[in-house]
Amino acid sequence: MSTQPRPFEQPIYVARPMLPEFADYTRHLEAIWKCAILSNGGPQHIELERRLHAHLGEGHISLFNNGTNALMTAVKALDLSGEVITTPFTFAATPHVLSWHGIRPVFVDIDEHSMTLDPGKIEAAITPQTTGILAVHVYGNPCDVWAIEHIARKRGLKVLYDGAHAFGTKVEGRPIATFGDATMFSFHATKLFHTAEGGAIVMNDANLKRRMDLLKNFGIADEVTVRAVGVNSKMNELQAAMGLCLVDAVAEEKAKRHAVAEVYNERLAGLPGVTVPRLADPVVDSLQYYCLRIDRRETGISRDAVYDALKHYNIFARRYFYPLCSDYDPYRDLPSSARENLPVANRVGEEVLCLPFFGALGTEAAERVCAAVASVIAEGPR
Ligand code: T4K
């Protein structure tokens, strides 16, 4: 007789931030205390910008106090207006940054496998008002960057990537941020690399970098010159110090996550109706999220029922990204939000389940998560 898996003693969440040695962080704090520079591009900020090139490529990096403000500033710096094509299968921040600028998001369906914008459906959504494409490297899966580049060149559109999950992702050996006009990375606490809250824009054009730096600092060029309508979105020294403590720990964290992902793949791939992510793509995966797909027709149990039942095991998985952004109150009445326009995104949104995924979870706990998932599916709906 099979025994029921044991619930976890403590709640297991989808993410858990890497934390540096406390003494390491206080060493950075001592340096901050000594010079009394807490913000506005101090020594920690300068050093972090320099150190991040190893992970984000040789483009120009501009640091921000969070990923949303970084994206919002990039929308302004790129002069996007009118309509911008984007995906409904993303976090609220993606369409919100457009709406905050009075730009209409136009939702286009996603590709079944990468879960990113389907380039085959972009052109039909372009109108005379379209100025750009805001595509998302969901879970760190790269968009079809070549096809998007081709369309953007042909139609004269700007390309902004939301790479909130794509820290370290490469395509054919190229850092992901070398594609498009600019790429945003989130350094939120739940991300592989973090600064508690934070983010960055990476871009190839030095003029754009100057404009981003201007806009995130009120548009101030010098003590007597304000050149643009800017905001205050600067990363402060305490955030940058956290980043400096963690930047070298990313490789070890990724190795631990890889081991967890291998356990998940090994134990869950055989469950009928369950699809696990591929780990051996010619792409360097950011290992940000581990997302299962649960096909109710085959498993006999809905994703939502699995999500709820896992809570009895003290496992708090997340349904990133359900509901779709096109179903949020501010967007549901847009013509592009119609279900018929987004059949793949609607189906995928009902199948995805992100399991707890962080290095400190360890392979033993990962085995227990798998046992719980398998047991929930075997038992079927309660
Ligand atoms: N674009 C995309 C595609 C994004 O996914 C995001 C953010 C953005 C743009 C915007 O970037 P930021 O402005 O955030 O830099 C979380 C994150 O807050 C958010 O950054 C992230 N995406 C989104 C996918 O996930 P919630 O509402 O799910 O967070 P929360 O508080 O429920 O956290 C999830 C779990 O993580 C908790 O159950 C416990 C654990 N946790 C969380 C925090 C904050 C910790 O253990 N420690 C912590 O400090 O949004």
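Please refer to the structure higher up on the page.
Residues numbered from 1 in each chain as written. Predicted model: local features only at pLDDT ≥ 70, side-chain atom pairs only at ≥ 80, totals over all residues. Heavy atoms only, no water.

Helices and strands together make up the secondary structure of the chain, namely 13 helices and 17 strands. In terms of overall dimensions, the chain is globule-like: its C-alpha atoms have a radius of gyration of 21 Å, near the 21 Å expected for 382 residues. Overall, the chain is about 80 × 55 × 35 Å in size when its C-alpha atoms are taken along their principal axes. Across the chain, every contact between residues at least 6 apart in sequence was considered, and the portion connecting residues at least 24 apart equals 71%. Treating the 39 positive side-chain charges of the chain as one cloud and the 45 negative ones as another, the clouds have centres 2 Å apart. (Helix = DSSP H or I, 4+ residues; strand = E, 2+ residues; numbered from the N terminus. Rg over C-alpha atoms; globule rule 2.2 N^0.38 Å. Contact = heavy atoms within 4.5 Å. Lys, Arg positive; Asp, Glu negative; His and termini not counted. Charge placed at Lys NZ, Arg CZ, Asp CG, Glu CD.)

Turning next to helix α5 (residues 93–100). Buried within α5 are the following residues: Ala93, Thr94, Pro95, Val97 and Leu98. For α5, the elements touching its buried residues are α4 (67–77), β3 (83–86), β4 (104–107), β5 (130–136) and β6 (158–162). Among the residues trailing α5, glycine 102 stands out with phi positive, at a value near 75 degrees. (Buried < 20%, exposed > 50% of the residue type's maximum accessible area, 1.4 Å probe, protein only.)

Alternating positions in β3 separate into two faces, Glu83 and Ile85 on one and Val84 and Thr86 on the other, with burial throughout. Pairing of β3 with β4 involves 4 bridges; the strand directions are parallel. Along β4, the bridge assignment pairs isoleucine 85 with valine 106. In terms of handedness, the path from β3 via α5 over to β4 forms a crossover that is right-handed. With 4 bridges connecting them, β3 and β5 associate as parallel partners. Bridge pairing links isoleucine 85 to isoleucine 133 in β5. (Pairing = 2+ DSSP bridges. Right-handed = clockwise from strand over helix to strand, strands pointing away.)

To continue, consider unusual backbone geometry. Phenylalanine 321 follows tyrosine 320 through a cis peptide bond whose omega is 10 degrees. Looking along the chain, the bond that leaves tyrosine 322 and enters proline 323 is cis, with omega of -10 degrees. Residues other than glycine seldom take positive phi values, yet tyrosine 139 does so here, at roughly 60 degrees. On the secondary structure map, tyrosine 139 appears in the loop between β5 and α6 (145–155). With a relative accessible area of 4%, tyrosine 139 lands in the buried category. The residue phenylalanine 218 is not glycine, and still its phi comes out positive at about 65 degrees. Topologically, phenylalanine 218 is positioned in the loop between α7 (206–215) and β11 (220–222).

We now examine the sheet that holds strand β13 (residues 274–275). Across the sheet, 3 strands lie side by side as β13-β15-β17; this open sheet has antiparallel pairing. Two strands bound the open sheet, and with one partner strand each, they are β13 and β17 (352–355). As defined by bridge partners, strand β15 (residues 290–294) adjoins β17 across 4 bridges and the pair is classed as antiparallel. Among the inter-strand pairings, leucine 292 is bridged to a residue of β17, identified as leucine 353.

Right, let's talk about the side chain of asparagine 65 for a bit. Take asparagine 65: it is sitting in the loop between β2 (60–64) and α4. Since its relative accessible area comes to 19%, asparagine 65 is described here as buried. A distance of 3.1 Å separates the side chain of asparagine 65 from the side chain of asparagine 69, its partner in a polar contact. Contacts of asparagine 65, omitting those with residues within four sequence positions, involve Glu197, Gly198, Gly199, Asn232, Ser233, Lys234, Met235 and Gln239. (Polar contact = N/O pair within 3.5 Å; in protein donor to acceptor, adjacent residues only side chain to side chain.)

A few words on the site of the ligand. Inspection of the region around the ligand gives 27 residues, with Thr68, Asp162, His165, Ser186 and Tyr320 positioned closest. In this structure, histidine 165 approaches the ligand through a side-chain N or O atom, which is 2.7 Å from an oxygen atom. Here arginine 318 contributes a side-chain N or O atom positioned 2.8 Å from an oxygen atom of the ligand. The set of elements that each furnish at least two residues to the shell around the ligand consists of α4, α5 and β9 (182–186). Classifying every residue of the shell around the ligand gives 13 nonpolar, 10 polar and 4 charged. The residues that make up the shell around the ligand include at least three from each of domain 1 (12–17 + 249–379) and domain 2 (22–248). (Near = heavy atom within 4 Å. Nonpolar A, V, L, I, M, F, W, Y, C, P; charged D, E, K, R; others polar. Domains from an automatic or database assignment.)

For the rest of this paragraph, the subject is the pattern of salt bridges. A complete count under the given rule lists 26 salt bridges for this structure. A salt bridge links glutamate 252 to lysine 256; the shortest N-O distance between them is 3.5 Å. Taken together, the residues glutamate 252 and lysine 256, both in helix α9 (residues 250–268) and 4 residues apart, mark about one turn of the helix. A salt bridge links aspartate 304 to arginine 319; the shortest N-O distance between them is 3.1 Å. (Salt bridge = Lys/Arg side-chain N within 4 Å of Asp/Glu carboxyl O.)

Within the largest apolar cluster, 47 residues are counted, with the highest numbers of intra-cluster contacts made by Leu52, Ile85, Ile122, Phe187 and Phe193. Of all the elements in the fold, those that place two or more residues in this core are α1 (22–35), β2, β5, α6, β6, β10 (199–203) and α8 (237–246). Grouped together as the second largest cluster of nonpolar side chains are 35 residues, Phe8, Ile12, Leu268 and Val276 included. (Core = buried A, V, L, I, M, F, W, Y, C linked by side-chain atoms within 4.5 Å.)

This part covers the sheet that holds β9. With mixed pairing, 7 strands are arranged side by side in an open sheet as β2-β10-β9-β6-β5-β3-β4. Pairing within the sheet leaves two strands with one partner each, and these edge strands are β2 and β4. Adjacent strand axes in the sheet meet at a mean angle of 25 degrees, parallel and antiparallel pairs treated alike. Both β2 and β10 contribute to a ladder of 5 bridges, which runs antiparallel. Its bridge partner being in β10, serine 62 is matched across the sheet by isoleucine 201. Across the face of the sheet, α6 comes into contact with β5 and β6 while running at roughly 150 degrees to β6. (Axes fitted to C-alpha atoms, helices over the stretch in contact; angles between N-to-C directions.)

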